[in-house]
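These are the residues of each chain, in order.
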Amino acid sequence: MPNRIPAVPAHVHAPHEAHDAAQPPSLTPVTRRDFLGGVGVSVAVAAAALTGCTRAPDRKIVPYRVQPEDMIPGRAAHYATAMSQDGYAVGLLVEAHEGRPTKIEGNPSHPASLGAAGAREQAAIIELYGARRAQRTLRTGAATSRAALASALQNIGPSTSRGARVDLVMPPQSSPLAARLITEMRGRLPELRVHYHTALSRSRVFRGTALAFGEPLEVRADLRRATIILALDADFLTLGPSYLAMARAFADGRRVGGSDHEMSRLYVVEATQSLTGQIADHRLALRDAELPAFTLGLVAEIARLVGQGVPAEALQQLAAFKPHAVTPERARFASALARDLVRQRAEALVLVGDRQPASVHAAAHAINRLLSEADSCVKYAASPLLDAGGSAHDSLAELSQALAAGEVDNLVVLGTDLCATSAPELQLKHRLTAAKQSFYFGLFEDDTAAACQWFAPAAHWLEGWDEVRAQDGTLSVAQPLLMPLYAGFTGHEVLALVGRSGPQRAGHELVREAWQRERPANFEAEWERLLARGTVDGTGIDPSPSPKLSWGWLAELIAVVERTRPATPALELSIAPDPRLLDGRFAENPWLAELPDAVTKLCWTNAATLSERTAHDLGVASGQVVTLSASGRRLEVPALIERGQADGSVGLTLGWGGRQPSLTSEGADAFRLTSTAEPWTTAVSLTALTRRVELPITQRALDGDGLESSIVAVLSLADYQANPALLAPRRRRQLSLFGPSDAPRAERQWGMSIDLSACTGCSACVVACQAENNIPSVGRIGVLKGRQMHWIRVDRYVVKEKVVLQPMACQHCENAPCEYVCPTGATAHSSDGLNQMVYNRCVGTRFCSNNCPYKVRRFNWLDYHATDVAPHEFVYNPNVSVRERGVMEKCSYCVQRIRSVEIDARVGGAPIVDGKIVTACEQACPSGAIVFGDLADPASRVAKLRSDGRGFDVLGELGTAPRTRYLARLTNPNPELT
């Protein structure tokens, strides 16, 4: 990664009054002149900050006369910031070129990212430049000015009598500044009611710890210490406030450095196959309604094996419980699992997903406590969220009732689309109009915008200042990369407008003021250090002393079990967040919409997943449209047969089928079948229709049986330990008509190693490559035609009932079959081992693609960039050419990064140390599965991994001699279950 230029408080924005023209901003996308003018403000203020000035000109925008010291044309700068999702922060570094943000990466100093960045975090950069972003301020549908809206907000206080009601709806917050501003609002507005709304509420998590320990606490799992992990409907590698850090810790426990090393074992119990579930050593497909009973039986079995730590009354309740219709497979699984957990004791860990009832969470805490009084693999601490576990996080129904009764005088909604992410029974789309005065701030003109009287664009998180906390409490200041493109409000600015009298305060002033109040001594130096690092040391929340476990939850769990096991089980609908779009907040993001699902390889839509047995019983085939009916509501959605789905269960993800026209409107809106009482699971009836649709699936051949000898390799840990040289025949040089290359050889020879045991299939590498290399999205029709452009894909194979995930890009073969068939010499080999593409020579014969056995070369069928207009075009990496129609594209090992480091080394005279050159996919990978480096250096990490006994070449028998080598996936099955 390039050296990070220390951040300065450079992005102080010009006063917002400059945007308050008589006419509102046009819906025409921002022009290049306007955008670069805005960037010029940022750059000018950067120069001012360095020279002692305090602000930029109010209106006049001129080029800077003296180039800022840290602004080098052609050299990227990296600024530390943070992205907050539902109140939890992820520390990031944003790459900017001359003030224009182009790439998002992880901040190594932040505990929630550890230098990695997931697909959602990286794809936020394309959302910043989205053409569908809101660009105008509205009042009852008519254009108005930003100043008029600000004045109306400030008048809420003086014009509101002491008995009038004011409701504030916003996502969960962890910002100390937000807490202070809300307190000020309460002082000015005594009847203020605050509602924290997110469809991905963690209320059940906090209620579970309250049942077990008497107070709502955060659960901090230490996967590095865990040798046995049980995930009860917990997709911890995809979802959760610290999923990136957990992915790294999990991968570290699966990494094997030799035949004498051990690795962790993962059990997963869930209804719909998740990313975490598909890489488990043992997985039990169980309906959501059956999981509480499974958990209760597991508690009883572990209590029996441990023999202590359970009160007598609880033992009697467990003994009186009689399992219902337990299959032999499930009984065998549960019995072996319980014995395995008890054998490991302090190194065993049970995790529960946010969707499960609070009593199931409490049961998991009880199991962890029975196994280890010291809580060695799990700690508990206070939550950084404001009012965590409080009623304000579950008060949307109360707000709906108040709206229906006409009791809401003023309603302010910040950054959450209530109408699209709430249960239909709340009728918020219609009831919001009952508020006497309503304000909504959002990135898009969505349903909530249409229902409110006032609407204004919200600032993207890359456009505004904020202070946020990670799950462990670590505090960060999120600094913007450019001024708001559409004069958007930040959340803090809105809170200050309502809660304070006087002139409007910019977000930068509010955040800086708050920090200066807390750290008055040596503030300027501390402020500079904070912005450069992105985190504040010593601000984490210390874990609580081992809390005392209560068993009062047991009666509630038994009641849940009795309630969820009817005499005749009905078909169950299991609703879950989409791993890419979550609840639909990223529905306007083309990178995420086109990113294939890690399990089904489906993109641009969702589908109702059914097991093969259930589909057979119902007479349903993949692609057939079905009608799902629940509580009098109906939803049409295509079906998709997925072998990991539990029998008697239908899986459906949120985030698709937006009620307003959007990129993802072709999917089915699962919110229509949700309810406030049970948002995730409900009984459903299914009716198959005669209509069929073609699903945009990027990989249809998932069965890998018979391919393990040439494409993938999966070994059990026991087999590998018994014979570390098991894969040696796959590394033997094959007979070939090609002799040794007589091309000049450079001092360095680049190559890559990918550890399939560490790879989780999260697809962060896919989005990283797309952002780094200016790869376009082709749309649903393009995917249906097989024209997706991703330079790296994650293939999924099922070999002997085990899922193997394999990132596949250009292998940079020594004997590349693509090179000798190219009639124009557009693809050629470099002296340091790269398979190069010379786009100016390529005429698009596609001979190379036909001759490539790995099928990793992409043909640019259309000029996908031809319709790009500002600001979308500003996302492009200037170090990579934007290809036009009619050329082949492929992975280049991020050659632009290689050459940049080589030039710096040549100019500076310093050697290139191992790890200095990092490809985009390697840098983003949360699990550290991808390693790039110099194969000619025997001490490099990549060279050592290449000589590992698990190493193999894909299709090595063809004699292509690829520069990318894979390490076989190792599994660690329980001998009792093999």
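Refer to the structure printed above.
Just so it is clear, the model here is predicted, and its values are computed rather than measured.

Looking only at helices and strands, the chain has 27 helices and 37 strands in total. For the chain, with 978 residues in total, the buried portion stands at 61%. If you take every contact in the chain between residues at least 6 apart in sequence, the share linking residues at least 24 apart comes to 76%. Accessible surface computed for the chain: about 37,000 Å², of which carbon and sulfur atoms make up 52%.

Axes are the key here: two packed helices are described by the angle between their axes and the distance separating the axes. Between helix H5 (residues 203-213) and helix H11 (residues 358-371), the shortest axis-to-axis distance is 7 Å and the interhelical angle comes to 50°. Relative to H11, H5 is oriented oblique. The chirality of how H5 crosses H11 is right-handed. Mapping the contact onto sequence places Arg 204, Val 205, Arg 207, Gly 208, Thr 209, Leu 211, Ala 212 and Phe 213 in H5 and Ala 358, Ser 359, His 361, Ala 362, His 365 and Arg 369 in H11. Looking at the contact of H5 with H11 residue by residue, the classes come out as six nonpolar, five polar and three charged.

Every α-helical turn comprises 3.6 residues, leaving residues that sit three or four positions apart pointing alike. Burial runs high along helix H2 (residues 119-128): 10 of the 10 residues are buried. All buried positions along H2 are accounted for by Ala 119, Arg 120, Glu 121, Gln 122, Ala 123, Ala 124, Ile 125, Ile 126, Glu 127 and Leu 128.

Take the sheet that holds strand E16 (residues 454-457) next. Spatial strand order, E5-E4-E16-E15-E14-E6-E7: seven strands in an open sheet with mixed pairing. Two strands lie at the open edges of the sheet, namely strand E5 (142-144) and strand E7 (192-196), each paired on one side alone. Averaged over all pairs of adjacent strands, the angle between strand axes in this sheet comes to 20°, irrespective of strand direction. Across the sheet, helix H4 (residues 176-188) lies against strand E6 (166-170) and E7, angled at about 150° from E7, the strand it touches most. The strands touched by helix H12 (residues 396-404) within the sheet are E6, E7 and strand E14 (410-414), with E7 carrying the most contacts at an inclination of about 135°.

Counting through the fold element by element, Thr 674 comes out in the loop between strand E23 (649-653) and strand E24 (681-683). Sequence-distant contacts of Thr 674, defined by excluding residues within four places in its chain, comprise Ala 423, Pro 424, Glu 425, Ile 575, Arg 633 and Pro 679.

With mixed pairing, four strands are arranged side by side in an open sheet as E34-E27-E36-E35. In this open sheet, the two strands that pair with only one neighbour each are strand E34 (930-934) and strand E35 (951-952). Of the pairings in the sheet, the one linking strand E27 (residues 750-755) to E34 comprises five bridges and is antiparallel in character. By the bridge assignment for E34, Gly 751 is matched with Gly 933.

Once that is clear, we can look at unusual backbone geometry. The phi torsion of most residues other than glycine is negative, and most of the peptide bonds are trans. At Asp 86, a position not held by glycine, the phi torsion is positive, near 55°. Checked against the element boundaries, Asp 86 lands in the loop between strand E1 (77-85) and strand E2 (88-97). One non-glycine residue, Lys 601, lies in positive phi territory at about 65°. With respect to the helices and strands, the residue Lys 601 is situated in the loop between helix H19 (590-593) and strand E20 (608-610).

Another point: the environment of Ala 382. Here Ala 382 is to be found in the loop between strand E13 (378-381) and H12. Note: C-alpha distance between Ala 382 and Glu 215 (167 residues apart in sequence) is 8.8 Å. Setting aside anything within four residues of it in sequence, one finds Ala 382 in contact with Leu 217, Glu 218, Ile 541 and Ser 544.

Bringing the state of the cysteines into the picture now. Summed over the entire model, instances satisfying the criterion amount to zero disulfides. For Cys 759, which is in no disulfide, the shortest distance to another cysteine sulfur is to Cys 925 and amounts to 6.5 Å. Residue Cys 925 stays outside any disulfide, its sulfur separated by 6.0 Å from that of Cys 762, the closest cysteine. Owing to a relative accessible area of 8%, Cys 925 belongs among the buried residues under this scheme.

What follows is about the pattern of salt bridges. Counted according to the given criterion, the structure contains 53 salt bridges. Of the charged contacts, one joins Glu 976 and Arg 339 as a salt bridge, the two residues approaching to 2.5 Å between their closest N and O atoms. Here Arg 339 lies in helix H10 (residues 328-344) and Glu 976 lies in the segment after strand E37 (969-971), a separation of 637 residues in the sequence. On the basis of relative accessibility, which here comes to 29%, the residue Glu 976 falls in the partly exposed class. Here Asp 647 ties to Arg 613 by a salt bridge, and the two come within 3.5 Å at their closest N and O atoms.

The next point concerns the environment of Ser 400. Relative to the assigned elements, Ser 400 resides in helix H12. Note on Ser 400: relative accessible area 1%, which makes it buried. For the pair formed by Ser 400 and Arg 431, sequence separation is 31 residues and the distance between their alpha carbons is 6.9 Å. When near neighbours in sequence (up to four residues on either side) are disregarded, Ser 400 contacts Leu 426, Leu 428 and Arg 431. Polar contacts involving the side chain of Ser 400 include one to the side chain of Arg 431, which spans 2.6 Å.

This next bit is on the nonpolar core. In this structure, Phe 236, Phe 294, Ile 302, Leu 341, Trp 551, Trp 553 and Leu 628 are the most contacted members of the largest nonpolar core, which totals 206 residues. At nine residues, the largest contribution of residues to this core is made by helix H8 (residues 291-306). If we ignore the near neighbours within four places in the chain, the residues touching Ile 302 are Ala 338, Leu 341, Val 342, Ile 367, Leu 370 and Leu 371. Counting residues in each nonpolar core, the second largest holds 44 residues, with Ala 152, Leu 189, Leu 192 and Leu 530 among its members.

Rules and cut-offs
Residues numbered from 1 in each chain as written. Predicted model: local features only at pLDDT ≥ 70, side-chain atom pairs only at ≥ 80, totals over all residues. Heavy atoms only, no water. Helix = DSSP H or I, 4+ residues; strand = E, 2+ residues; numbered from the N terminus. Buried < 20%, exposed > 50% of the residue type's maximum accessible area, 1.4 Å probe, protein only. Contact = heavy atoms within 4.5 Å. Areas by Shrake-Rupley, 256 points an atom, 1.4 Å probe, with all protein chains shown as cover. Axes fitted to C-alpha atoms, helices over the stretch in contact; angles between N-to-C directions. Parallel < 35°, antiparallel > 145°, perpendicular 65-115°, else oblique. Left-handed = near helix turned anticlockwise from the far one by under 90°. Nonpolar A, V, L, I, M, F, W, Y, C, P; charged D, E, K, R; others polar. Pairing = 2+ DSSP bridges. Disulfide = S-S within 2.5 Å. Salt bridge = Lys/Arg side-chain N within 4 Å of Asp/Glu carboxyl O. Polar contact = N/O pair within 3.5 Å; in protein donor to acceptor, adjacent residues only side chain to side chain. Core = buried A, V, L, I, M, F, W, Y, C linked by side-chain atoms within 4.5 Å.

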